[in-house]
Amino acid sequence: MIPTADAAQVNHRATYREVLAEPRFRLLFSTRAVSITADALRITTFSVLVFSATGSALLSAVAFGIGFVPQLFGSLLLGSLADRLPPRALIAGGYALTCAAALLLALVRMPVAASLGVVALVSLATPVFHGASSRLVAQSLEGDAYVLGRSLNNIAGAGAQLFGLALGGAAVAAIGPRRALAVSAVLYLGCALAIRIRLPRLQPGGSGGTPGSAGGEDGAVRASLQGAGLLLRGRTVRRLMLAQWLPVALVAGAEGLIVAYAGERRFAPGWYAVLMGCLPVGMLVGDLLVGRLLRPRTRERLVVPLVALSGLPLIGFAAEPGVGVSSCLLLLSGFGYAYGLGLQRPFLDALPRDGQGQAFGLLGSGSMTLQGVGPVCLGALAAGMGTGGAIALAGGTVALTAGWILTWHQPPCPRTETPQNPAMDLSSTPPSAP
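Report follows, based on the coordinates. (Residues numbered from 1 in each chain as written. Predicted model: local features only at pLDDT ≥ 70, side-chain atom pairs only at ≥ 80, totals over all residues. Heavy atoms only, no water.)

1. Considerations on unusual backbone geometry
And then number 1: Phi angles above zero are rare outside glycine, and Arg266 is one such case at about 55°.
And then number 2: For Arg266, the location among the structural elements is in the loop between α13 (258-264) and α14 (271-293).
And then number 3: With a relative accessible area of 76%, Arg266 lands in the exposed category.
And then number 4: Of note, Glu320 is a non-glycine position whose phi angle comes to about 50°, a positive value. (Helix = DSSP H or I, 4+ residues; strand = E, 2+ residues; numbered from the N terminus. Buried < 20%, exposed > 50% of the residue type's maximum accessible area, 1.4 Å probe, protein only.)

Here you go:
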């Protein structure tokens, strides 16, 4: 529960219509969906471009994931800029930077190492403008509307990613990888112009022009490292971040083994694509139903069961089931992803107001990095225990994570001078001693 709001406000259930009626959120939501489509298109076509130039499956895989891991370093070194710079210039500049990188890859024939370096450098800045965008969403929506806004972003993000992957395959086949990269650059440019034209000019640190303390005189790198350290040293914020990172990383690792699992089981050609589509379909349905039908307190109470649901079905892969059962297991696992909706409001309430942008950037970059590491770790385990066993191990570890969350105690109520740091009560366990 959240002790800083009355019961009626805490349990008020917003609607998607209310969320979409907010002009600033609608702008950020639509541009983010377009940019995710462009991301998927760029990643796919760049991977194809590298493979066609080198014939190396390894380099093609590196090209696919090169934009993930550097994001964590960018968040640690530059994350404070999300709260220190004007959001309109920062977000529009981020989209313009990715547009320039995509155009550079499309028009200039560089060595593969240089191309990979360009993508890695741009990804360092990604958490900064994504953090600024997430901070504006948090400032534009209140209470349950914020949670449903995150739900809409999840739903649109999954759909945009699937559409971008499909568009990438069609574009490469029709016009070639370099022109397909140019198409992604046009999409990024459209996002940058929309933000530059339609987003009001706001001051850093606030939604209405009142600068926060984040705009201090410390250097950006020093302030970013200090801010990240303060966030991660706080037990409540650290726990909520880990709760959002670990299950997603483990399930992503299991997802990365689906193609190999289908090959080992000698499924008919094309079935691996069906299996890979089951997780995002489950995610879409879960976010829609949990976000729309359940009240805020109910979502927060269901965090542990939903985390367990995202892991327990994967244990069934230890029996090496066929296509039908595997599809059902993956659908159920994807549905459990809706547990994140029950963590959104407690996470926002636990953040210092002047560091929200950096916190959101760190949350996103950490998740992306672990999702890139998860498949590698599970792939190494699968070499010794088989893909079915490795997927089952990932599911069991997610279930253990649910048990860990269940052990959380609610700390004492915060002091009156820091009311924005309430904790989350996920079980009936009494508060721990000070």
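2. Observations concerning the packing of helix α8 (residues 112-140) against helix α19 (residues 356-406)
When two helices pack together, their arrangement is captured by the angle between the axes and the distance separating the axes.
And then number 1: Closest axis-to-axis distance for the α8/α19 pair is 7 Å, and the angle between their directions is 120°. Our classification of the angle between α8 and α19 gives oblique. α19 is crossed by α8, and the crossing has right-handed handedness. Between α8 and α19, the residues in contact are Pro127, Gly131, Ser134, Arg135, Ala138 and Gln139 and Gln356, Gly357, Phe360, Gly361 and Ser365, respectively.
And then number 2: Tallied by class, the residues present in the contact of α8 with α19 amount to three nonpolar, seven polar and one charged. (Axes fitted to C-alpha atoms, helices over the stretch in contact; angles between N-to-C directions. Parallel < 35°, antiparallel > 145°, perpendicular 65-115°, else oblique. Left-handed = near helix turned anticlockwise from the far one by under 90°. Contact = heavy atoms within 4.5 Å. Nonpolar A, V, L, I, M, F, W, Y, C, P; charged D, E, K, R; others polar.)

3. A look at the side chain of Ser327
And then number 1: Along the chain, Ser327 falls in helix α17 (residues 323-336).
And then number 2: The class for Ser327 is buried, based on a relative accessible area of 12%.
And then number 3: Once residues within four sequence positions are removed from consideration, Ser327 is found in contact with Leu275 and Cys278.

4. A few points about the environment of Leu41
And then number 1: In this structure, Leu41 sits in helix α3 (residues 23-54).
And then number 2: The class of Leu41 is buried, set by a relative accessible area of 0%.
And then number 3: Those residues in contact with Leu41 that sit more than four places away from it in its chain are Gly164, Leu167, Gly168, Ala171, Ala180, Val183, Ser184 and Leu187.

5. Side note on the pattern of salt bridges
And then number 1: Inspection of every chain in the model, using the stated rule, returns four salt bridges.
And then number 2: Between Asp39 and Arg42 there is a salt bridge, with the nearest N and O atoms lying 3.9 Å from each other. Of this pair, Asp39 and Arg42 both sit in helix α3, separated by three residues, roughly a single helical turn.
And then number 3: What makes Arg42 buried here is its relative accessible area of 17%.
And then number 4: A salt bridge links Glu300 to Arg345; its shortest N-O distance comes to 3.4 Å. Taken together, the positions of Glu300 in helix α15 (residues 296-301) and Arg345 in helix α18 (residues 341-350) put the pair 45 residues apart, joining distant regions of the chain. One exposure class covers both Glu300 and Arg345, and it is buried. (Salt bridge = Lys/Arg side-chain N within 4 Å of Asp/Glu carboxyl O.)

Keep in mind these values describe shape, not function.
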